[in-house]
Amino acid sequence: MAAVPKSRRSHREVRQRRAHWRAHMVPGTECPHCHELKLPHRVCPHCGYYNGMPVVAVEKE
Ligand SMILES: [Zn+2]
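Cut-offs applied
- Residues numbered from 1 in each chain as written.
- Predicted model: local features only at pLDDT ≥ 70, side-chain atom pairs only at ≥ 80, totals over all residues.
- Heavy atoms only, no water.
- Helix = DSSP H or I, 4+ residues; strand = E, 2+ residues; numbered from the N terminus.
- Buried < 20%, exposed > 50% of the residue type's maximum accessible area, 1.4 Å probe, protein only.
- Contact = heavy atoms within 4.5 Å.
- Areas by Shrake-Rupley, 256 points an atom, 1.4 Å probe, with all protein chains shown as cover.
- Donors = N, O, S within 2.8 Å, 3.2 Å for Na, K, Ca; no water.
- Tetrahedral: all angles 85-135°; square planar, octahedral: opposite > 155°, others 65-115°.
- Salt bridge = Lys/Arg side-chain N within 4 Å of Asp/Glu carboxyl O.

Asker: Would you take a moment to explain the overall build of the chain for this structure?
Answerer: Scanning the chain from terminus to terminus reveals one helix and four strands. Written out in order from the N terminus, the α and β elements of the chain read α-β-β-β-β. Across the 61 residues in the chain, those meeting the buried criterion constitute 10%. A separation of at least 24 residues holds for 0% of the contacts in the chain among residues at least 6 apart in sequence. Here the chain displays about 6200 Å² of accessible surface, and carbon together with sulfur accounts for 55% of that area.

Asker: Looking at this structure, I do not really get the coordination of the zinc ion. What am I missing?
Answerer: Geometrically, a metal with four donors at the corners of a regular tetrahedron has ideal angles of 109.5 degrees, and one with six donors at the corners of a regular octahedron has ideal angles of 90 or 180 degrees. Surrounding the zinc ion are the protein donor atoms C31 (SG), C34 (SG), C44 (SG) and C47 (SG), which sit 2.2 to 2.3 Å from the metal. Every donor counted, the four donor atoms about the zinc ion form angles of 105 to 115 degrees at the centre, which fits tetrahedral coordination. Positions of the donor residues of the zinc ion along the chain correspond to the pattern C-x2-C-x9-C-x2-C. A residue pair is termed long-range when its members are at least 10 positions apart, and C31 in the loop between β1 (29-30) and β2 (37-38) and C47 in the loop between β2 and β3 (49-50) qualify at 16 residues. Each member of the pair, C31 as well as C47, is classed as buried.

Asker: Would you mind going over the pattern of salt bridges with me for this structure?
Answerer: Going through the model one piece at a time under the given rule, you end up with one salt bridge. Notably, a salt bridge pairs R9 with E13, separated by 3.1 Å at the nearest N-O pair.

So this is what it looks like as structure tokens:
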């Protein structure tokens, strides 16, 4: 048995699938404290808050 698909995927389908895999790894979670964009499941680099508590001290200018 050869591992050959019954119907070939079109170029458009392949390109659309490969164009979308990046979409869910783009950083895009709003910090609930300072409302800046931050990485999901990370301490906010802008205010140092995570889960409603100050976790790390952020330098103030
Ligand atoms: Zn923040």
